[in-house]
Amino acid sequence: MALIVVDHPLARSLLTSLRDVSTPPPLFRLIAKRLALVLCIEATRTLPTSATEVDTPLATTSGTRLGPLVAVPILRAGLGMLEAVTELFPEVTVGYLGLERDHATFEPSMYYSKLPPLDGRSALLLDPMLATGGSAAAACSALDAAGVGHVTLLSVVAAPEGVARLAAAHPRVDIVTASVDEALNDHAYIVPGLGDFGDRLFGT
Ligand code: PRP
Ligand code: URA
């Protein structure tokens, strides 16, 4: 597993605004999308490419094509990262996984799954919060079962506990995140974190 912490001033500045408790949902949504763009650009650095030839108006030259790519947001919070990916890669196919953590056990249960053909493709799994790692691990199991080739998780904030759990359960998965925070609290929230991403994104 590769763990890539995006150490770019733009990413740090956007994350600071997301952490800020006074950032209202409309601004939170906008900043989340911008940070997802940065994460997505970093994630594509290691994805498979194919060599191609392209005709410019003047000559034929060698070029590079990315893909095919699949994006899979984990509902709800992953939706806040989807538009960034579809804008960067308009040809991306999109699947959805609905996962919700139990309030007492913090273990996820899957309430929705709609995946496009994955047969050996690279997937960008979108979930801004990697807390216990239960949701991401369950999502990776679902993608594996559907035949995915490679998974890169795009996360805004990760907890060390979540990174360790995902690495143990799915050692081939790569993680691209803006921060690995200190730890989880007793309610399995990331500290310092940014609170409940879904609630802040959707104003609930
Ligand atoms: C949150 C978050 C992640 C998950 C992370 O989702 O969006 O999907 O928790 O926690 P974990 O690493 O401990 O599994 P939540 O279950 O709150 O659902 P929501 O996105 O619908 O609010
Ligand atoms: N889900 C969130 O939205 N935030 C956390 O800190 C943990 C899980």
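What you are looking at is a predicted structure, and each value in this text was computed from that prediction instead of being measured.

1. Considerations on the nonpolar core
Core analysis: the biggest nonpolar cluster contains 38 residues, and L35, L39, L124, V156, L194 and F197 have the highest contact counts within it. At the level of elements, α1 (9-19), α2 (25-43), β4 (69-75), α3 (79-88), β8 (122-126) and α6 (197-202) are the ones that each hand at least two residues to this core. Contacts of L35, omitting those with residues within four sequence positions, involve A11, L14, L15, L18, V156 and A178. Of all hydrophobic cores here, the second largest spans 23 residues; its members include L99, L143, V151 and L153.

2. Some thoughts on the packing of aromatic side chains
Counting across every chain of the model gives 1 aromatic pair. Geometrically, the ring pair formed by F28 and F197 is edge-to-face, given 4.9 Å between the ring centres and 70° between the ring planes. With F28 in helix α2 and F197 in helix α6, this residue pair connects regions lying 169 residues apart in the sequence. Since its relative accessible area comes to 2%, F197 is described here as buried. Between R101 and the ring centre of Y189, over which it is positioned, the NZ or CZ distance is 5.6 Å.

3. So, the environment of S135
Here S135 lies in helix α4 (residues 134-145). S135 sits in the buried class, given a relative accessible area of 15%. Along the sequence, S135 and G162 sit 27 residues apart, while their C-alpha atoms lie 9.4 Å from each other. Among residues more than four places away in sequence, those in contact with S135 are I74, L99, R101, P108 and D127.

Parameters and conventions
Residues numbered from 1 in each chain as written. Chains lettered and ligands numbered in written order. Predicted model: local features only at pLDDT ≥ 70, side-chain atom pairs only at ≥ 80, totals over all residues. Heavy atoms only, no water. Core = buried A, V, L, I, M, F, W, Y, C linked by side-chain atoms within 4.5 Å. Buried < 20%, exposed > 50% of the residue type's maximum accessible area, 1.4 Å probe, protein only. Helix = DSSP H or I, 4+ residues; strand = E, 2+ residues; numbered from the N terminus. Contact = heavy atoms within 4.5 Å. Phe/Tyr/Trp six-rings, centres within 6.5 Å; stacked < 30°, edge-to-face > 60°. Lys NZ or Arg CZ within 6 Å of the ring centre and 35° of its normal.

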